[in-house]
Amino acid sequence: NVVEKIDKRLDEINENRTNHFTKTLDKIEHALDRVRSRADKAEANGLDVASVRTAISTAETAISSARSAIATQAGKTYPITVGTEETLRSNVEAARKALHDDLKKVREIVRVAHDAVRKVAVALAQIPRVNEVEDAAIESSGSTGAGTQQ
């Protein structure tokens, strides 16, 4: 039956998109972890990272909200009510539109999480001498290794 195929396809699309959103959010979270690590190093070297910590908290909340939205979306189904021949087309369209609208909302929530992590990176980059601290740490670890060989 064509309607059953369409119904199954809507479920597949929902599953594929929610899997994609989950992978995207994993990458966003990994980026946040890297920035958090840099902020920890900057703080250990005496730099003020309070604004970064605030941005990290905001980003964590956004990521948590996105994970929740993805989980909710993954559990949704879009059944097509089979009525008369005249209403079938509009019923299929209504189910497709509902899926599209819901996925659009989840995409926007994931985008908010992405923007929040970007703001964390920007806040860290705005701290004076943050990159000098990173470079000094790299150089000192490199020179220590060379010093032991002499």
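Our structure is the block above this text.
Analysis parameters
- Chains are numbered independently. Their residues run from 1 in the order of the written sequence.
- Whole-chain, interface and lining totals are the exception, using all residues; otherwise, since this is a predicted model, local features are given only for residues with pLDDT of at least 70 and side-chain atom pairs are given and counted only at 80 or more.
- Water and hydrogen atoms play no part in the side-chain values, which are based on all heavy atoms of the structure.
- For salt bridges, the criterion is a side-chain nitrogen of Lys or Arg within 4 Å of an Asp or Glu carboxyl oxygen.
- Each helix corresponds to a stretch of at least 4 residues labelled H or I by DSSP, and each strand to a stretch of at least 2 residues labelled E; elements are numbered beginning at the N terminus.
- Burial status follows relative accessibility: with a 1.4 Å probe on protein chains alone, a residue under 20% of its type maximum counts as buried, one over 50% as exposed, and anything between as partly exposed.
- What is meant by a nonpolar core is a set of buried Ala, Val, Leu, Ile, Met, Phe, Trp, Tyr and Cys residues, joined one to another through side-chain atoms within 4.5 Å.
- Residues are treated as being in contact if the distance between any of their heavy atoms lies within 4.5 Å.
- Note on ring pairs: Phe, Tyr and Trp rings are taken, using the six-membered ring of Trp, and paired if centres are within 6.5 Å. Classes follow the plane angle, with under 30 degrees stacked, over 60 edge-to-face and the rest tilted.
- Placement of a charge over a ring requires the Lys NZ or Arg CZ to be within 6 Å of the ring centre, with the centre-to-atom vector within 35 degrees of the ring normal.

A short note on the pattern of salt bridges
Working step 1: Per the counting criterion, the structure on display carries eleven salt bridges.
Working step 2: Glu43 serves as the salt-bridge partner of Arg53, at 2.9 Å between the closest nitrogen and oxygen. Placement of the pair is Arg53 in helix 2 (residues 50-74) and Glu43 in helix 1 (residues 2-44), with a sequence separation of ten residues.
Working step 3: Residue Arg53 is classed as partly exposed on the basis of its relative accessible area of 26%.
Working step 4: Accessibility expressed as a relative area gives 42% for Glu43, which makes it partly exposed.
Working step 5: Among the salt bridges present, the one from Lys76 reaches Asp102, with a minimum N-O distance of 3.2 Å. With Lys76 in the loop between helix 2 and helix 3 (85-125) and Asp102 in helix 3, this pair connects stretches of sequence that are 26 residues apart.
Working step 6: Overlapping salt bridges, with partners in common, bring together Asp26, Glu29 and Arg67 in one network.

Quick notes on the nonpolar core
Working step 1: By size, the foremost hydrophobic cluster in this structure holds 37 residues, and its most contacted members are Leu25, Val52, Val110 and Val120.
Working step 2: Breaking this core down by element, the ones donating at least two residues are helix 1, helix 2 and helix 3.
Working step 3: Tallying contributions element by element places helix 3 first for this core, with 13 residues.
Working step 4: Here Val110 is in contact with Phe21, Thr24, Leu25, Ile28, Ala66 and Ile70, once residues within four sequence places are set aside.

Digging into the packing of aromatic side chains
Working definition: an aromatic ring pair is given by the centre-to-centre distance plus the angle between the planes.
Working step 1: Evaluation of the coordinates by the stated rule reveals zero aromatic pairs.
Working step 2: Over the ring of Phe21 we find Arg17; its NZ or CZ atom is 5.2 Å from the centre of that ring.

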